[in-house]
Each structure stands twice: as C-alpha cells, then as structure tokens.
Amino acid sequence: MAESSDKLINMEGNKLNHSLSYQENTSADIKRMKKRFLQKDGSCNVYFKHIFGEWESYVTDIFTTLVDIKWRHMFVIFSLSYILSWLFFGLVFWLIALHHGDLSPDDELKPCVDNVHSFTGAFLFSLETQTTIGYGSRCVTEECSSAILTVVLQSVLGCIIDTFIIGAALAKMATARKRAQTIRFSYYATIGLRDGKLCLMWRVGDFRPNHMVEGTVRAQVLRYVEDKVGRMTMEYKDLKLLSDQIIVATPVTIVHEINQDSPLYDLDRKTLANDNFEILVTFVYIGDSTGTSHQSRSSYVPREILWGYRFNDVLQLKKKYYKVNCLQFEETTEVYAPYCSAKHLDRKEQEYTTFEKANDGEPGTSSSGVRVRSCSADAFITHCEISEGSPQITKQANEAELPYEKALVTLSRISMESQI
C-alpha cells in the first residue's frame, strides 16, 4: 500500500510539473508571438545567427557588401584600402633599396629610386606613384627591373581600388533607402463601412515634388500557427486590394474589402483587440528622377487598427490647382460602424433579404417600386451588434423575440421608404 501511494504521489507530481512547464512554454510562445516582425520604418526584426559560410559569402560578393554596409564603415574601408596599399608598396620599395644598397651614402652607385634613403622616402614615393602626384624629386631609374615591375603593379592595383571604392560609393548614394524614406505610410489603419461593406484602409503618400512614375501596393496577413507537433510556423495570406496600381501624386487611401475571400472575414471588434497577427504592406514603385525601382515597407498590428474610423480628406479643390493638406494625413474621424464581423454582417443581410423576398416578392424593393439597400438600415445594423455582443440565450427566448425582430426590421424598411 505504501509503495502504491508513493507511485500515485510521484505521478501527480509529474503531472503538476508537466502542466507548469506547459504553461511556461505557452506564455513564452505568446510573448514571442507578440514581437513585431516588420518595424514601422520597414526594417525586419530578424537576426541571423551562426550563418554557414558567412564571411565567405561577404568576401565573394565584395561589391554588394560595400554597398550594404553603413557609411562610417565605408569611410574606414575607403581610407584603409589606400593607406595599406601605400604602406605595402612603400615597404617593397624600401626593401628593394636596401637590397640594392641605396640606403648607404655612395655617390658612385646609381640607385633604383632617386632620393629614397629611408622608409619615409619609400612611403612618399609609393604615395606619389599611386596618386599620380609626381613632385619630380623621386623617380624610378633603369637600374632595377624589380622597381619598374613594382611601379606597374601599384598603378594597376590603384586603378582597381579606385574602381571598387568610387563605384560602391556612387551605388550607395543612389540606393533606394533614402528615396524610400520620403514615402510615408499612415501610422494607423482603420476599419469602417465603405459602400455598405466593412473595409480595411490605410494611407500612403509621397512628399517629394518629383513623384514616381507608377507603383504597386501589396498587403499580407502574417499569423503564427502552431502545427500538430507544437512548432510555430509563419503563415502568409494575401489581402486583395480594390486598386493595387496607383500613382501617388496625392496621398492615396488603400482599401481592402473584407469579404468571403479575406482572411479577416471572421474578425469583429472584440476579436481584433485580443487577436495576434500582423499586416505587412509594401509599395514597389519606379522613381521619376532616376528610373530605378524602389520599395517601401511598413506593418500594422491589432493595436494600430482603429475600428469605426475613417481618414480625413487631405485634397482640397482650389480655383486653379489642387491643394494637399499634409496635416490631415494622419488625422482620423470616428464614424459609425457595426462591431460585428463581416461574416456576421453578410449573414444578417442574407436573412433580411430572405425576409423581404417572403413579404414583398422581390428583395430590396418597396411597394412604390423604389429599390433600397438592406445594409443601409440603421436598425438592422444595430440589431446585428446587439446579437453579436449579447450572451447565448435559449431557443424559447429566441422564438419569443422573433416577432419583435421582424417588426423592428419592417418598421425600419417602411421608414426608409417614406424618406425616399
């Protein structure tokens, strides 16, 4: 009996330890999932560690490495490449002079390089040769073929260094990063009604006088999904935009209609506050000045998506031109929007259409022949919110409230028809 009780205690202890470790791992996974993948400035929050052949890949593609590094590192490499080459060839000229005996004072001996009597003189001759200064006091003679060969090699190497360094500097100055900083995304995205449909909207604008030729906008939803084994994987789903080919002469509001094909179809306001996903937005465009392709990126997490808001107008029509008020680029206004999901909204609209079809014979048409959009009824949308946020009730209560709901919808329809 004592042994069996000890076994039970050990089993319970193991279960407790397992549950505690599972809770710790779950909390760690949740904490990891809440980290942002793409920063607001477009930089990826990704760190690579223990890359196989890291230095080999950097050295093999040295030109791309020079273009991608920071400017301060570029200046250090720029300076060291010249200084080290001067020192190296200065050392070679000094060894040639030492081997030939030019360092000892002998007027009868013809030197390999005139006026080189120390390492300082050899370094100055190396500098003058590679930079083609040519002061005239130091020059190579016909006495030593090794010195002539060294001058030829230094001249060729100097041209190679100039090509790499100047080419990398020009390519770095013409890179798309600086141009991408003038393309601005709105800090917040909004969800609201647009033509009777729930839509996700954000803004993009170009604040330079010379605008790009054309651009393509793309958006993806990034979610962390746990598979059957327990591993976390990233799942990408595209968001279909109403217009993905744009010209950003003025700030443009990008619209994604939340329909059956959208990954946000089941998302309501309460779910949005507790959900964990990230919307990655990219804008690829061609610059008007250089004709090169650029890319700007940003992202939106649930706390940066405002439900029931719309962006203020930034474009104003003047007598001879259009005026863009950049102060209104980030400004939003709270508007009415149902708290329920687009899926629930479509289902209620279908029920309302079925109800109209049973009463009037044709959905959305009143007795006077005027067609009415069912989704425009405020009473219908209010009822949608109430049914979404209310707790579950019994079947008997639903049957008891059904006549009241039908009367409410009918009264709202009659009221709209009378207004039209």
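Residues numbered from 1 in each chain as written. Predicted model: local features only at pLDDT ≥ 70, side-chain atom pairs only at ≥ 80, totals over all residues. Heavy atoms only, no water.

**What about the confidence of the model for the chain?**
For step 1, the next point in the chain: With 72% of its residues at a pLDDT of 70 or more, the chain has an overall mean of 76.
For step 2, the next point in the chain: Mean pLDDT in the chain bottoms out at helix H11 (residues 395-419), which sits at 44, and peaks at strand S10 (residues 305-307), which reaches 93.
For step 3, the next point in the chain: Confidence drops under a pLDDT of 50 for residues 11-33, and excluding neighbours within four residues, the segment shows four contacts in the predicted structure.
For step 4, the next point in the chain: Across residues 363-420 the pLDDT falls below 50, and counting only partners more than four positions away or on other chains, this stretch makes 68 contacts in the model. (pLDDT = per-residue confidence, 0-100. Helix = DSSP H or I, 4+ residues; strand = E, 2+ residues; numbered from the N terminus. Contact = heavy atoms within 4.5 Å.)

**Regarding the environment of Asn115**
For step 1, the next point in the chain: By the element assignment, Asn115 lies in the loop between helix H4 (71-100) and helix H5 (119-130).
For step 2, the next point in the chain: The exposure class assigned to Asn115 is partly exposed, which follows from its relative accessible area of 41%.
For step 3, the next point in the chain: Separated by 24 residues in the primary sequence, Asn115 and Cys139 have C-alpha atoms spaced 7.9 Å apart.
For step 4, the next point in the chain: Other than its neighbours up to four places away in sequence, Asn115 contacts Ser137 and Arg138. (Buried < 20%, exposed > 50% of the residue type's maximum accessible area, 1.4 Å probe, protein only.)

**Brief notes about the packing of H4 against H5**
For step 1, the next point in the chain: Remark: H4 packs on H5, axes separated minimally by 8 Å, with the N-to-C direction vectors making an angle of 125°. Considered as vectors, H4 and H5 are oriented oblique to each other. Pair H4 / H5 crosses with right-handed handedness. In this structure, H4 uses Tyr82, Ser85, Trp86, Leu87, Phe89, Gly90, Leu91, Phe93 and Trp94 to contact H5, whose residues at the interface are Phe119, Ala122, Phe123, Phe125, Ser126, Leu127 and Gln130.
For step 2, the next point in the chain: Considering only residue class, the contact of H4 with H5 consists of twelve nonpolar, four polar and no charged. (Axes fitted to C-alpha atoms, helices over the stretch in contact; angles between N-to-C directions. Parallel < 35°, antiparallel > 145°, perpendicular 65-115°, else oblique. Left-handed = near helix turned anticlockwise from the far one by under 90°. Nonpolar A, V, L, I, M, F, W, Y, C, P; charged D, E, K, R; others polar.)

**Here's the deal with the pairing of strand S4 (residues 215-226)**
Look at any regular strand and the pattern is simple: side chains alternate between the two faces of the sheet.
For step 1, the next point in the chain: Here two bridges tie S4 to strand S6 (residues 245-246), and the two strands are oriented antiparallel to one another. Bridge pairing in S6 places Thr216 opposite Gln245.
For step 2, the next point in the chain: The sheet contact formed by S4 and strand S8 (residues 278-286) spans eight bridges and is antiparallel. The residue of S8 that forms the bridge with Gly215 is Tyr285.
For step 3, the next point in the chain: Pairing of S4 with strand S5 (residues 232-238) involves seven bridges; the strand directions are antiparallel. By the bridge assignment for S5, Val221 is matched with Lys237.
For step 4, the next point in the chain: Linking S4 to S5, which pair antiparallel, is a turn of five residues; within it Gly230 sits at a positive phi near 105°. (Pairing = 2+ DSSP bridges.)

**Brief notes about the side chain of Thr129**
For step 1, the next point in the chain: Secondary-structure assignment places Thr129 in helix H5.
For step 2, the next point in the chain: Filtering out sequence-adjacent residues up to four positions away, Thr129 remains in contact with Val151, Gln154 and Ser155.

**Some thoughts on unusual backbone geometry**
For step 1, the next point in the chain: You will see that Asn115, though not glycine, has its phi angle at about 60°, which is positive.
For step 2, the next point in the chain: Positive phi, close to 55°, is recorded for Thr132, a residue that is not glycine.
For step 3, the next point in the chain: Mapped onto the elements of the fold, Thr132 is located in the loop between H5 and helix H6 (145-173).

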